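# Survey of secondary and tertiary structure
Read off the chains here:
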Amino acid sequence: MIRIPVCLGAGIFSLNHYLHEVKNPDVIIIGGGLAGLTAALDLTNSGKQVLVFEKNSYPNHKVCGEYVSNEVLPYLESLGTNVQQFQLPKIDSLRISTQKGKTMEVKLPLGGFGISRYTFDNFLYNAACQKGVDFIFDSVQKVQFLDDTFCVTTSAKEKYFGKVVLAAFGKRSNLDIKMQREFIQAKSPWLGLKCHYEYESLPSNVVELHNFPGGYGGLSQVEGGIVNFCCLVRYESFKQEGSIDAFLEKTASQNPFLQEFFSKATPKFKAPLSIAQISFEPKKTIDQHMLMCGDAAGLIHPLCGNGMAMAIHSAKLASEQVDMFLENPNFTRKDLEGNYQLLWEKNFRRRLWTGRQLQKLMMHTKWFNLGMGLTANSRTLLQGLIRSTHGKPILN
Ligand SMILES: Cc1cc2nc3c(=O)[nH]c(=O)nc-3n(C[C@H](O)[C@H](O)[C@H](O)COP(=O)(O)OP(=O)(O)OC[C@H]3O[C@@H](n4cnc5c(N)ncnc54)[C@H](O)[C@@H]3O)c2cc1C
């Protein structure tokens, strides 16, 4: 499906002029999630003509815990986007519980806020439209790099050309398969579920993580006092029950807090959303000369609650390097790729490594239960884990 022009940049052009501009932008961004949208805003602010390809329309729900670390607030404000206008729940505490109901609550050093992806992505999309970012709602099928130029082909068989491509197409895309990326060759055992509920007993300042056999479920408020339940579970554990309802009732509800929640909460969706094959394997930061941003460069374990902040931060790092590449003739493509790679590793490698250790622990139910038990007994351990998976405020 192709829908252009969805939003035109400033001014009125002839159709030919418009198509020329759109087909030859300064920067092409594949994927209009958080990484793609913030990079589009950032690059447009520095005067670049940006074209974003997004396969889905806005607004839409995505499987996500919807807890955003405050790390991103200064940067979002510098882009001219103020999410605070939505009167979002401010979250300053984390409560975890074991399957047996043992709990521990700690203060989150930086804290965060709750916002649904339905609202967040749509808000950034509208801001990008207002700034003059062009959008094409179609799935990118192929990207080629020839003679120092990218050629992007959509499913409508249209071709677009650009000097730079930011690949912000998320954790698992058709392009990962086309590009034969290494992580996609292996099966991943993880499945994610998410649903919004009406439920009055969850304090607005707390994000809760509750352990159950084969996984854990997170509860936190988003705008309008709605509670988001999002869980990550091993496929093996999920499939034993045969359906989502049975899984929530029999497996997730083995945790006493989730049992209480499901017995009282009213779902807002007809059925929970689900995604399978969630992979935490390392990925290339530069692939076929594209700068990979957000989850396309690596997904941190959701237990760390930091993927969105990292996606937004990576967009900032990429935008700065792209700006230098386009403005400064002495700044070569090699500089662009080398610098971005270095910055990415400096900022995210350690966090992703910690996330992968958590994921490995989760693979072994016995060890994970033991780990959760230890964490629920040790405030210092839990605070250390939070520190090692979170960054500092992203400043301009
Ligand atoms: C179960 C779970 C819970 C999570 N909970 C949290 C949390 O509480 N807090 C947190 O900070 N992070 C959380 N995360 C991580 C967070 O959701 C991601 O890190 C974040 O969404 C990354 O943003 P992104 O822009 O990289 O990708 P996305 O938001 O996934 O955007 C990618 C976009 O690319 C588009 N796309 C894909 N392929 C193509 C194509 N070929 N052509 C055109 N468009 C394409 C997609 O439609 C999509 O809109 C969670 C993740 C999971 C799996």
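Structure shown above.
Read on for a plain summary of the structure.

What counts as what
Residues numbered from 1 in each chain as written. Predicted model: local features only at pLDDT ≥ 70, side-chain atom pairs only at ≥ 80, totals over all residues. Heavy atoms only, no water. Helix = DSSP H or I, 4+ residues; strand = E, 2+ residues; numbered from the N terminus. Contact = heavy atoms within 4.5 Å. Near = heavy atom within 4 Å. Polar contact = N/O pair within 3.5 Å; in protein donor to acceptor, adjacent residues only side chain to side chain. Areas by Shrake-Rupley, 256 points an atom, 1.4 Å probe, with all protein chains shown as cover. Nonpolar A, V, L, I, M, F, W, Y, C, P; charged D, E, K, R; others polar. Domains from an automatic or database assignment. 1 Å grid on protein atoms, 1.4 Å probe; cavity = no way out; pocket = protein on both sides within 12 Å on 5 of 7 lines; lining within 4 Å. Points joined across faces, edges and corners; volume = space filled by probe spheres on them. Axes fitted to C-alpha atoms, helices over the stretch in contact; angles between N-to-C directions. Parallel < 35°, antiparallel > 145°, perpendicular 65-115°, else oblique. Left-handed = near helix turned anticlockwise from the far one by under 90°. Pairing = 2+ DSSP bridges. Patch = residues over 30% accessible without salt bridge, like charges linked within 9 Å, V, L, I, M, F, W, Y side chains within 5 Å. Salt bridge = Lys/Arg side-chain N within 4 Å of Asp/Glu carboxyl O. Buried < 20%, exposed > 50% of the residue type's maximum accessible area, 1.4 Å probe, protein only.

Counting through the fold element by element, Ser220 comes out in strand β13 (residues 215–221). Sequence-distant contacts of Ser220, defined by excluding residues within four places in its chain, comprise Gly65, Ile91, Leu202, Val206, Val207, Ile226, Val227 and Asn228.

On to the site of the ligand, then. For the ligand, the set of nearby residues contains 36 residues, the closest of which are Glu54, Tyr67, Arg117, Asn174 and Asp295. Contact distances for the ligand include 2.9 Å between an oxygen atom and a backbone N or O atom of Ala35. Bound to the protein, the ligand loses 95% of the 1,000 Å² it would expose on its own. Among the elements that make up the shell around the ligand, the one with the highest residue count is helix α10 (residues 307–327) (3 residues). Of the residues assigned to the shell around the ligand, the class counts are 16 nonpolar, 12 polar and 8 charged. Each of domain 1 (15–60 + 118–185 + 280–350) and domain 2 (67–115 + 187–278) accounts for three or more of the residues forming the shell around the ligand.

Right, let's get into the environment of Glu281. Locating Glu281 in the fold gives a position in the loop between β16 (273–278) and β17 (286–287). With 253 residues separating them along the chain, Glu281 and Ile28 place their C-alpha atoms 26 Å apart. Among residues more than four places away in sequence, those in contact with Glu281 are Phe183 and Arg356.

Attention now goes to empty space enclosed by the protein. Over the atoms, a rolled probe matching the size of one water molecule traces out where space is still vacant. By the definition in use, this model includes 2 cavities of 30 Å³ or more. The space that makes up the largest cavity amounts to roughly 60 Å³. Together, Gly294, Asp295, Gly298, Leu299, Ile300, Gly307, Met310, Ala311, Ser314, Trp344 and Phe348 line the largest cavity. Of all the secondary-structure elements, those providing two or more residues to the lining of the largest cavity are α10 and α11 (333–363). For the lining of the largest cavity, the element with the highest residue contribution is α10, accounting for 4 residues. Looking at side-chain class alone, the lining of the largest cavity contains 6 nonpolar, 4 polar and 1 charged residues. By volume, the second largest cavity amounts to about 30 Å³. In terms of lining residues, the second largest cavity is bounded by Glu54, Asn56, Ser57, Tyr58, Asn60, Lys62 and Asp121. Residue composition of the lining of the second largest cavity, grouped by class: 1 nonpolar, 3 polar and 3 charged.

Moving on, we get to the packing of helix α2 (residues 34–45) against helix α4 (residues 117–131). Where α2 meets α4, the closest approach of the two axes is 10 Å, and the angle between their N-to-C directions is 25°. Between α2 and α4, the interaxial angle falls into the category roughly parallel. Seen along the crossing, α2 lies across α4 with a hand that is left-handed. Facing α2, whose interface residues are Leu34, Leu37, Thr38, Leu41, Thr44 and Asn45, α4 presents Arg117, Phe120, Asp121, Leu124, Tyr125, Ala127, Ala128 and Lys131. Here the contact of α2 with α4 is composed, by residue class, of 8 nonpolar, 3 polar and 3 charged.

Close contact between α2 and α10 brings their axes to 8 Å; oriented N to C, the two are set at 35°. Between α2 and α10 the crossing geometry is right-handed. Between α2 and α10, the residues in contact are Leu34, Ala35, Thr38, Ala39, Asp42 and Leu43 and Met308, Ala311, Ile312, Ala315, Lys316, Ser319, Val322 and Asp323, respectively. Its residues assigned to classes, the contact of α2 with α10 shows 9 nonpolar, 2 polar and 3 charged.

To continue, consider the sheet that holds strand β1 (residues 27–30). Spatial strand order, β6-β2-β1-β10-β18-β17: 6 strands in an open sheet with mixed pairing. In this open sheet, the two strands that pair with only one neighbour each are β6 (134–136) and β17. Of the pairings in the sheet, the one linking β17 to strand β18 (residues 290–292) comprises 2 bridges and is antiparallel in character. From the neighbouring strand, Ile286 faces β18, where its bridge partner is Leu291. The strands touched by α10 within the sheet are β1, β10 (164–167) and β18, with β10 carrying the most contacts at an inclination of about 175°.

Next up on the list: the sheet that holds strand β9 (residues 159–162). To summarise the sheet geometry, strands pair through backbone hydrogen bonds and adopt either a parallel or an antiparallel arrangement. Sheet architecture is open: 3 strands sit in the order β7-β8-β9, paired in antiparallel fashion. Each edge of the open sheet is held by one strand with a lone partner, namely β7 (140–146) and β9. Strand-to-strand twist across the sheet, computed as the mean angle between neighbouring axes with direction ignored, equals 20°. Bridging between β7 and strand β8 (residues 149–154) involves 6 bridges; their strand directions are antiparallel. Counted as the bridge partner of Lys142 is Thr153 from β8.

Now for the environment of Phe257. Here Phe257 is to be found in helix α9 (residues 256–264). Between the alpha carbons of Phe257 and Lys48 there is a distance of 50 Å; along the sequence they are 209 residues apart. Among all residues touching Phe257, those that are not within four sequence positions of it are Arg95, Ser97, Gly101, Thr103 and His210.

What follows covers a nonpolar patch on the surface. A surface patch of nonpolar side chains, amounting to about 440 Å² of accessible area, comprises Trp367, Leu370, Leu374 and Leu381. Considering every element that reaches the nonpolar patch, the biggest residue donor is helix α12 (residues 365–377), with 3 residues. Positionally, Trp367 belongs in helix α12.

Right, let's talk about the pattern of salt bridges for a bit. Any two side chains of opposite charge can pair if their charged atoms end up close together. Evaluation of the coordinates by the stated rule reveals 16 salt bridges. Between Glu71 and Arg351 there is a salt bridge, with its nearest N and O atoms 3.3 Å apart. Here Arg351 lies in helix α11 and Glu71 lies in the loop between β3 (67–69) and α3 (73–78), a separation of 280 residues in the sequence. Each member of the pair, Glu71 as well as Arg351, carries the same accessibility label: buried. Glu208 is paired through a salt bridge with Arg95; the nearest N and O atoms lie 2.9 Å apart. In this pair, Glu208 is assigned in strand β12 (residues 206–212) and Arg95 in strand β4 (residues 90–97), connecting sequence segments 113 residues apart. We classify Glu208 as buried; its relative accessible area is 5%. The exposure class assigned to Arg95 is partly exposed, which follows from its relative accessible area of 22%. One salt-bridge network, held together by shared partners, links Lys48, Asp323 and Glu327.

So yeah, pure geometry; function would need other evidence.
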